Amino acid sequence: MAHQDDDLYFLNPLLVSQLRGSEEHLTVCLTAGEADGRNAPGGTPEHAAALVDFEAFAAARYNGLRCAYADMVLGDPDAKWRREVTTLAGGTEADVSVLVDAPHIRLVALNLWCSPPAGAAPGAGSLPELWTGRAESNPTMIPLGSPVSGQHSYTRESLIESLVLLLERFAPTLLWTMDPDPDPQVHNRANPRHADADGYSDHSFHTATGLFAHEAVTRWFAAGGGRRTSVEAFRGYYVRRWPSNLSPEARARKQRYKDVYGWADRRPSEDPAGLGDWKVSGDLIAGGNASGTTLRYPGSRSWAGPGADGRLSAFAVRGGQVVHWREDRPGELAGSRRVPGRKLLPHVDAVPNADGGWRLLAVRQGLTADPDRHVRDLWTILLPASGDYRDVRWESLGNPNAQSAPAKRRNIGMPQAVPLPGGRVLVLVRNAGKGLSGRLHDGSTWTPWRDLGGRDTQDGLTAVALDDGSVEVLSAGRNGIARWLVSTAELTAEFSVVPTEAPAGPPAVVRLPDGGRMLFCRCRDSASVVSLRTRGDGHVWDPSSLVDLGGHGGPGPIAARFVPDAGAVLVAVRDDASATSVIWVGPDGRARGAWLREATPVAGSHAVSMDSTERPVVLAVSAGGGLLAMPVARSTSSLTSMKEVP
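Here the structure is a predicted model, which means the values were calculated and not measured.

With respect to the overall build of the chain
- Helices and strands together make up the secondary structure of the chain, namely 8 helices and 37 strands.
- For 646 residues, the compact-globule estimate of 2.2 N^0.38 gives 26 Å, and the C-alpha radius of gyration of the chain, at 24 Å, lies within 12% of that figure.
- Counting all 646 residues of the chain, 61% fall into the buried class.
- A fraction of 57% describes how many contacts in the chain between residues 6 or more apart in sequence connect residues 24 or more apart.
- Put simply, the chain shows about 23,700 Å² of open surface, and 50% of that area lies on carbon and sulfur atoms.
- When the 68 positive and 72 negative side-chain charges of the chain are each reduced to one mean point, those points stand 3 Å apart.

Structural data, given as structure tokens:
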């Protein structure tokens, strides 16, 4: 994280669930977060009267973070911590806090100054300037009460090396980072800038932290580390621009731990710095920077499915490369195999080939100090049915924004591929204009990228091929469900908006046996899952068919599949607790039974598929990097534990 409260604002409520389920947890905070050095809300008499004390305010923020973690883990904000020092690259020292009654919980503070103080060395600058090379170094602060022995200074390289050292020592299987690729954002009267970087939807320190973390993990992966590690990036201030995707209960939990961090109860303190950050003690998260919890790379739901032979396959990105699980015996998945190729962002989309192999699509990330030289390109690979991957190679499909300003290349979305008759494949991504771009493979060659129009959408596409040869694409829009009807003959599209309330996150679409379609999305502010049906001949969506299915909230895509034997749709979501919630929904869009929950924390999005025995299976990747698989029977009133395959 960049600042002491970033995880409380942007990762919760998922954070508290992972804390309680993890064997070990390490949070790394890069800056001292000293702000103006006054521990009081801006514009208040208390702020005007407060003395400027950067070291004390930084210490107060860390005290608040420790109190919040103690409350999340032990239910006691006043639980004791042990303070230690760890040495990083070049002899720099970092402050380590260990929760005494839960020593598997550790916090590491690097304490870089946000704004280097007067007297700093020539060439010193801020964290964003350190990333781009505009600054040669970034000095550290010694917050009040810190056990470190002296001030230090980081260069760009030594900071990356220090983060690599922490990764090597801790070896996480799940790494959460801030957003390295914030959306472009127009700032005007309707969309005030707040603390965003100019022209973007997030704070520049959040972005720099995401970039430093991704560069460090890329180097760690290249050196052979993290072979089971999943990476997830989280949006920052972006969330205030879109409807909340959290349930009221989840927002209340997030509010509670933010209030502990902000020392809202003003309980007595023996620490001269105080027990928290009063600047945010009165903040309500409902409509602000913490109103939602949103993944930067939400991906698709088509990362798993039956191949041409009916056997189930699943794909995920671990250690920056794809791994493949395959059903080797009926109903049994074998351990994972690695697919060549590195530097991939978290999600992969998979399309079965008629010959029994697979076409995979993923986004490759290349990081540089120069903002104009970043790489985010779509890549594809063909896996042969033989399972011999020794000679397979990825092919670049480029970037739909390649002819735009270089910085826009970073705003590519995650791919959604649609198989078509005759071995054709339509590949779709959200582009930097927040609309849709596509390329078509006609069985032998790829068309150029085509801008298919649209605007004001979130990433997280869902698509379905229709009987007339067109493809319907849906995503969360500003004023409803964004819809493209794509002609695959000309690669053109008609864009429209289904007039619904703006959804809180990516939708999912399912074809039904009667030729109609059903859509699922989350309601704003409640995070309830709702169903919506097409009417009549299936050409028009019917907003009056909306059914509120309730649920347990949560971020990310919804997975859904019609199961013929059950005559119903099986829906699975990652819920507020980062767990798995499922429900059966009839063709009329109404729930058949209650929501059921399996508590194992997951990463990424779910997939719902069928194995070779025609059993419906819910799939997810675990926090430990394995594949979780859970058959779900139509008649069940409870769920069995998810089985993990390494």
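What about the nonpolar core?
- Of all hydrophobic cores here, the largest spans 70 residues; its most connected members are Y69, L110, L159 and L163.
- Counting residues per element, this core draws most heavily on helix 7 (residues 204–222), at 8 residues.
- One finds L570, M610, A620 and L639 within the second-largest nonpolar core, a separate group that totals 19 residues.

Here we look at the sheet that holds strand 32 (residues 580–585)
- The strand order across the open sheet formed by 4 strands is 30-31-32-33, and the pairing between neighbours is antiparallel. In the strand order of this sheet, the two ends are held by strand 30 (558–563) and strand 33 (596–598), each with one partner. Ignoring strand direction, the axes of neighbouring strands in this sheet form an average angle of 20 degrees.

Let's talk about the packing of aromatic side chains
- This structure, assessed with the given rule, holds 10 aromatic pairs.
- Each ring, one from F10 and one from Y237, has its centre 5.7 Å from the other, and the planes form 70 degrees; the classification is edge-to-face. Of this pair, F10 sits in helix 1 (residues 6–10) while Y237 sits in the loop between strand 8 (230–234) and helix 8 (248–261), and the two are 227 residues apart along the sequence. Considered together, F10 and Y237 belong to a single accessibility category, that of buried residues.
- Ring geometry for W131 versus F212: centroids 5.0 Å apart, planes at 80 degrees, classification edge-to-face. Of this pair, W131 sits in helix 5 (residues 127–132) while F212 sits in helix 7; the two residues are 81 residues apart in sequence, bridging distant segments of the chain.
- Chaining the aromatic ring pairs together yields one cluster made of Y9, F10 and Y237.
- Of note, R235 hangs over the ring of Y238, and the distance from its end group to the ring centre comes to 3.9 Å.

Brief notes about helix 6 (residues 156–170)
- If you check helix 6, its first and last C-alpha atoms are 22 Å apart, about what 15 residues at 1.5 Å a residue would give, namely 21 Å.
- Packing partners of the buried residues in helix 6 comprise strand 1 (25–31), strand 4 (105–112), helix 5, strand 6 (153–154), strand 7 (174–178) and helix 7.

Some thoughts on helix 8
- With 14 residues, helix 8 ought to run about 20 Å at 1.5 Å a step, and its terminal C-alpha atoms sit 20 Å apart, in line with that.
- Inspection of helix 8 places A250, R251, K254, Q255, Y257, K258, V260 and Y261 among the buried residues, and these make up the whole buried set.
- Looking at the buried residues of helix 8, the elements they touch are helix 1, helix 2 (14–21) and helix 4 (54–74).
- Two residues or fewer past helix 8, W263 is found with a positive phi of approximately 55 degrees.

A word on the pattern of salt bridges
- What the rule picks out here adds up to 33 salt bridges.
- K279 is the salt-bridge partner of D36, the closest N and O atoms lying 2.8 Å from each other. One end of the pair, D36, is in the loop between strand 1 and helix 3 (45–49); the other, K279, is in the loop between helix 8 and strand 9 (304–306), with 243 residues separating them in the sequence.
- Residue D36 is classed as partly exposed on the basis of its relative accessible area of 30%.
- Residue class for K279 comes out partly exposed when judged on its relative accessible area of 22%.
- Across the salt bridge formed by D95 and R83, the nearest N and O atoms sit 2.6 Å from each other.

Points about the sheet that holds strand 26 (residues 508–511)
- Across the sheet, 4 strands lie side by side as 26-27-28-29; this open sheet has antiparallel pairing. Both outer strands of the open sheet, strand 26 and strand 29 (540–550), are each paired with one neighbouring strand and no more. Adjacent strand axes in the sheet meet at a mean angle of 25 degrees, parallel and antiparallel pairs treated alike.

Thoughts on the state of the cysteines
- Under the defined criterion, the tally for this structure stands at 0 disulfides.
- Lacking any disulfide linkage, C523 is separated from the closest cysteine sulfur, that of C521, by 6.5 Å.

Some details on the environment of P298
- By the secondary structure assignment, P298 is in the loop between helix 8 and strand 9.
- Its relative accessible area of 5% is what places P298 among the buried residues.
- Taking the C-alpha atoms as reference points, P298 and P506, 208 residues apart in sequence, are found 8.2 Å from one another.
- When neighbours within four sequence positions are excluded, P298 is seen to be in contact with H347, M414, D459, G460, P506, P557 and S605.

Details of unusual backbone geometry
- Between N12 and the following residue, P13, the backbone shows a cis peptide bond with an omega angle of 10 degrees.
- The phi dihedral of H194 is positive, around 55 degrees, even though this residue is not glycine.
- In this structure, H194 sits in the loop between strand 7 and helix 7.

Remarks on the side chain of S605
- Position of S605 relative to the elements: it lies in strand 34 (residues 602–610).
- Polar side-chain contacts of S605 include one of 3.1 Å to the backbone oxygen of S300.
- Filtering out sequence-adjacent residues up to four positions away, S605 remains in contact with P298, S300, W303, H347, P557 and L619.

Description of the pairing of strand 36 (residues 627–631)
- For strand 36, the tally of buried residues reaches 4 of 5 residues, placing the bulk of the element in the interior.
- The turn joining strand 35 (residues 616–622) and strand 36, which pair antiparallel and follow one another in sequence, is formed by 4 residues; a positive phi near 95 degrees is taken by G625.

Observations concerning the environment of V85
- Tracing the backbone shows V85 in strand 2 (residues 81–87).
- Given the relative accessible area of 36%, V85 is considered partly exposed.
- Residues V85 and G125, spaced 40 residues apart in sequence, show a C-alpha to C-alpha distance of 25 Å.
- In contact with V85, other than residues within four places in its own chain, are E93, A94, P147 and V148.

Overview of the packing of helix 4 against helix 8
- Interhelical geometry of helix 4 versus helix 8 gives an angle of 140 degrees and a closest axis separation of 7 Å. If you check the angle between helix 4 and helix 8, you find them oblique. Seen from above, helix 4 lies across helix 8 with right-handed handedness. In this structure, helix 4 uses R61, G64, L65, C67, A68, D71 and M72 to contact helix 8, whose residues at the interface are R256, Y257, V260 and Y261.
- The residue makeup of the contact of helix 4 with helix 8, split by class, is 7 nonpolar, 1 polar and 3 charged.

Scoring rules and cut-offs
Counting of residues starts from 1 at the beginning of each chain's written sequence and follows it residue by residue. Confidence filtering applies because this is a predicted model: local features only for residues at pLDDT of at least 70, side-chain atom pairs given and counted only at 80 or more, and all residues used for totals across whole chains, interfaces and linings. Working from all heavy atoms in the structure, the side-chain values ignore hydrogens and water. Numbered from the N terminus, helices here are DSSP runs of H or I no shorter than four residues, and strands are runs of E no shorter than two. Within these notes, the globule rule equals 2.2 Å times the number of residues to the 0.38 power, and the radius of gyration is based on C-alpha atoms. Throughout, exposure labels follow a simple rule: accessible area from a 1.4 Å probe, protein chains only, divided by the maximum for the residue type, with under 20% read as buried, over 50% as exposed, and the rest as partly exposed. Residue contacts follow a heavy-atom distance rule, with two residues in contact if any of their heavy atoms lie within 4.5 Å. We get accessible surface area from the Shrake-Rupley algorithm with a probe of 1.4 Å; when it comes to residues, only the shown protein chains can shield them. In summary, the charge assignment counts Lys and Arg as positive and Asp and Glu as negative, without counting His or the chain termini. In plain terms, the charge of a residue is placed at NZ if it is Lys, CZ if Arg, CG if Asp and CD if Glu. To form a nonpolar core, buried Ala, Val, Leu, Ile, Met, Phe, Trp, Tyr and Cys residues must be joined to one another through side-chain atoms within 4.5 Å. We treat two strands as partners when DSSP finds at least two bridges between them. The axes used here are C-alpha line fits, helices contributing only the stretch in contact, and every angle between their N-to-C directions lies in the interval 0 to 180 degrees. For this analysis, a ring pair means two rings from Phe, Tyr or Trp (six-membered ring only for Trp) whose centres lie within 6.5 Å, classed as stacked if their planes differ by under 30 degrees, edge-to-face if by over 60, and tilted for the remaining angles. Here, over-ring charges are defined by two tests on the NZ atom of lysine or the CZ atom of arginine: distance to the ring centre within 6 Å, and angle to the ring normal within 35 degrees. To estimate how far a helix should reach, multiply one less than its number of residues by 1.5 Å. For this document, the term salt bridge refers to a Lys or Arg side-chain nitrogen within 4 Å of an Asp or Glu carboxyl oxygen. The criterion for a disulfide is a pair of cysteine sulfur atoms lying within 2.5 Å. The definition of a polar contact used here is a pair of N or O atoms within 3.5 Å, where within protein one atom must be able to donate a hydrogen and the other to accept one, and adjacent residues in sequence count solely through side-chain atom pairs. With respect to orientation, any angle under 35 degrees is reported as roughly parallel, any angle over 145 as roughly antiparallel, any angle of 65 to 115 as roughly perpendicular, and every other angle as oblique. Left-handed is the label given to a crossing in which the near helix is rotated counterclockwise from the far helix by less than a right angle, and right-handed is the label when the rotation is clockwise. Any residue that is not Ala, Val, Leu, Ile, Met, Phe, Trp, Tyr, Cys, Pro, Asp, Glu, Lys or Arg is counted as polar, Gly included; the first ten are nonpolar and the last four charged.

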